Amino acid sequence: MNFDGINEKTLVLVKPDAIQRGLIGEIIGRFERKGLKMIGIKMMSLDDDLLKNHYSHLADKPFFPSLSKFMKSSPVVAMCYEGLEVVNAVRLLCGITKSREAEAGSIRGDLAMSVSCNVVHASDSVENAKKEVERFFKPEELHDYRKSDYEHVYAEDEK
Ligand code: IDP
Ligand code: MG
C-alpha cells in the first residue's frame, strides 16, 4: 500500500536556551526514539527578516522584541522530520507553550519551565509546516533515503 501521509514533513528548531543548556542530544534523541525520520539538519543563526516571517502571528505582541532577541542570542539547530501525521505527533512530543504547565513526559514538560525559553519550536499545522520547511531548508538540504526501521515503526497498512 502506498500511503502518501508517511511523507508528511515538519520543522523543529532547537532554541537558544536548549543550545546553551546542552540539550541538543537529549531533544534529538526523543525524536529518534519515537521513530521519526530526520531528513534535514543544520545549525543556523536567525536574522530579523526570517524571524518576522517565522513569528508573523506574534509581530504585534509586546514580547516580540524580547522573543526576537532571544532567538538571535545563539544559533539554533533546525531539523526537518518526516513521518505519518508527523506534524501532530511532534507537537504532542513538544508539549504546550507554557513549559511549566506542559505535560510531564513531553520535551517542554520534562526540560523547561519558561513560556518564551521553551527549548523547541515545532510547526503547528500541515499548512504551516510546508511553509516553514521551505523557509528554513533549500530543496538540496533535504534528503531522500530509505529508513530500514520503518518495517517495525509502521504497520503494513500505514506505509
Ligand atoms: P508555540 O511555540 O507553542 O507554537 P506560539 O504561540 O506559536 O507557541 O509562540 C511562539 C513562541 O513565542 C513560543 O514558543 C515562545 O517562545 C514565545 N511566546 C509565546 N507566547 C509568549 C508570551 O506570552 N510571552 C513570551 N513569549 C511567548
Ligand atoms: Mg507556534
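Criteria and thresholds
Residues numbered from 1 in each chain as written. Chains lettered and ligands numbered in written order. Predicted model: local features only at pLDDT ≥ 70, side-chain atom pairs only at ≥ 80, totals over all residues. Heavy atoms only, no water. Near = heavy atom within 4 Å. Polar contact = N/O pair within 3.5 Å; in protein donor to acceptor, adjacent residues only side chain to side chain. Areas by Shrake-Rupley, 256 points an atom, 1.4 Å probe, with all protein chains shown as cover. Buried < 20%, exposed > 50% of the residue type's maximum accessible area, 1.4 Å probe, protein only. Helix = DSSP H or I, 4+ residues; strand = E, 2+ residues; numbered from the N terminus. Arc of directions from axis to C-beta. Contact = heavy atoms within 4.5 Å. 1 Å grid on protein atoms, 1.4 Å probe; cavity = no way out; pocket = protein on both sides within 12 Å on 5 of 7 lines; lining within 4 Å. Points joined across faces, edges and corners; volume = space filled by probe spheres on them. Nonpolar A, V, L, I, M, F, W, Y, C, P; charged D, E, K, R; others polar.

Participant: Lay out the site of ligand 1 with the relevant residues and their values.
Facilitator: For ligand 1, the full set of nearby residues is Lys 15, Tyr 55, His 57, Leu 58, Phe 63, Leu 67, Arg 91, Thr 97, Arg 108, Val 115, Ser 116 and Asn 118. Take His 57: an N or O atom from its side chain is 2.9 Å from an oxygen atom of ligand 1. Here an oxygen atom of ligand 1 and a backbone polar atom of Ser 116 are 2.8 Å apart. Taking 530 Å² as the accessible area of ligand 1 by itself, protein coverage stands at 78%.

Participant: Could you give me a rundown of helix α7 (residues 126-136), with the residues and numbers involved?
Facilitator: Listed in full, the buried residues belonging to α7 are Ala 129, Glu 132, Val 133 and Phe 136. Angularly, the buried residues of α7 cover 100 degrees about the axis, an arc narrow enough to put them on a single face. For α7, the exposed residues lying more than 90 degrees away from the buried face are Glu 127, Lys 130 and Glu 134. Contacts made by the buried residues of α7 are with β1 (9-14), β2 (37-44), α3 (48-54), β3 (76-82), α5 (86-94) and β4 (120-122).

Participant: An account of the layout of surface pockets is needed here, citing residue identities and associated values.
Facilitator: There is about 530 Å³ of room inside the largest pocket. Surrounding the largest pocket, 25 residues form its lining, His 54, Tyr 55, His 57, Leu 58 and His 121 being those nearest its centre. When contributions to the lining of the largest pocket are tallied by element, the ones reaching two or more residues are α3, α4 (64-71), β4 and α7. Among the elements that line the lining of the largest pocket, the one with the most residues is α7, at 4 residues. Looking at side-chain class alone, the lining of the largest pocket contains 7 nonpolar, 11 polar and 7 charged residues.

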